[in-house]
Amino acid sequence: MESVSQTQTDFLLQAALEYAGMGYSVFPCVRGDKKPLTPNGCLDATTDEDQIIEWWEQNVFANIGISTKGLLVVDIDGSDNEWLTNPEIMESLSQGIMSQTPSGGRHFI
């Protein structure tokens, strides 16, 4: 069995803490899925570093969920979507954070 380095296990925790530091409330989700690992899902989202550390120490490979309350999120499905090849649209959308979806699409916040 391949061992996992501390750096690899800290990657998602550090990313969650960076998002929280930018003011985005986060919560852990099942690895490779968007199902929340907290009892109340996005309602449990927080920027509290201690809580985030506790969550990711319990689930080091948890996906990062971000509460969208008060945010505008553009969800572009499919890696071949014409929006992803339009320079004007991409320049506008690239001002915030972006995540790639398993289907090859993007979420722009």
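Our subject is the structure that appears above.
Residues numbered from 1 in each chain as written. Predicted model: local features only at pLDDT ≥ 70, side-chain atom pairs only at ≥ 80, totals over all residues. Heavy atoms only, no water.

Before going further, it helps to spend a moment on the overall build of the protein. A count of helices and strands for the protein gives 3 helices and 5 strands. Each helix (α) and strand (β) of the protein, taken in turn from the N terminus, gives the series α-β-α-β-β-α-β-β. Counting over 109 residues, the protein shows a buried share of 30%. Long-range contacts, defined as pairs at least 24 residues apart, comprise 59% of the intrachain contacts of the protein with a sequence gap of at least 6. Surface accessibility of the protein: about 7,500 Å² in total, with carbon and sulfur atoms responsible for 49%. Here the protein contributes 5 positively and 16 negatively charged side chains, and the mean placements of these two sets differ by 8 Å. (Helix = DSSP H or I, 4+ residues; strand = E, 2+ residues; numbered from the N terminus. Buried < 20%, exposed > 50% of the residue type's maximum accessible area, 1.4 Å probe, protein only. Contact = heavy atoms within 4.5 Å. Areas by Shrake-Rupley, 256 points an atom, 1.4 Å probe, with all protein chains shown as cover. Lys, Arg positive; Asp, Glu negative; His and termini not counted. Charge placed at Lys NZ, Arg CZ, Asp CG, Glu CD.)

Relative to the helices and strands, V73 resides in the loop between β2 (63-66) and β3 (74-76). Looking at V73, the relative accessible area reads 33%, which means it is partly exposed. Once the C-alpha coordinates of V73 and I109 are considered, the two residues, 36 residues apart in sequence, prove to be 4.6 Å apart. Aside from chain neighbours lying at most four places away, what touches V73 is T68, H107, F108 and I109.

Below, the discussion takes up a negative patch on the surface. Taken together, the side chains of D48, E49, D50, E54 and E57 present a region of like negative charge at the surface. Relative to the helices and strands, E49 resides in helix α2 (residues 49-58). (Patch = residues over 30% accessible without salt bridge, like charges linked within 9 Å, V, L, I, M, F, W, Y side chains within 5 Å. Salt bridge = Lys/Arg side-chain N within 4 Å of Asp/Glu carboxyl O.)

Next up on the list: the layout of surface pockets. A water-sized probe, rolled over the atoms, reveals where empty space remains. What the largest pocket holds in volume is close to 880 Å³. Lining the largest pocket are 25 residues, and of these N63, I64, S99, Q100 and H107 lie nearest its centre. Within the residue set of the lining of the largest pocket, elements represented by two or more residues are α1 (6-21), β1 (26-29), β2 and β4 (98-100). Among the elements that make up the lining of the largest pocket, the one with the highest residue count is α1 (5 residues). For the lining of the largest pocket, the class distribution of residues is 14 nonpolar, 8 polar and 3 charged. (1 Å grid on protein atoms, 1.4 Å probe; cavity = no way out; pocket = protein on both sides within 12 Å on 5 of 7 lines; lining within 4 Å. Points joined across faces, edges and corners; volume = space filled by probe spheres on them. Nonpolar A, V, L, I, M, F, W, Y, C, P; charged D, E, K, R; others polar.)

The next point concerns the state of the cysteines. Per the counting criterion, the structure on display carries 0 disulfides. Free cysteine C29: the closest other cysteine sulfur is in C42, separated by 9.4 Å. Under the relative-accessibility criterion, C42 is labelled partly exposed at 42%. (Disulfide = S-S within 2.5 Å.)

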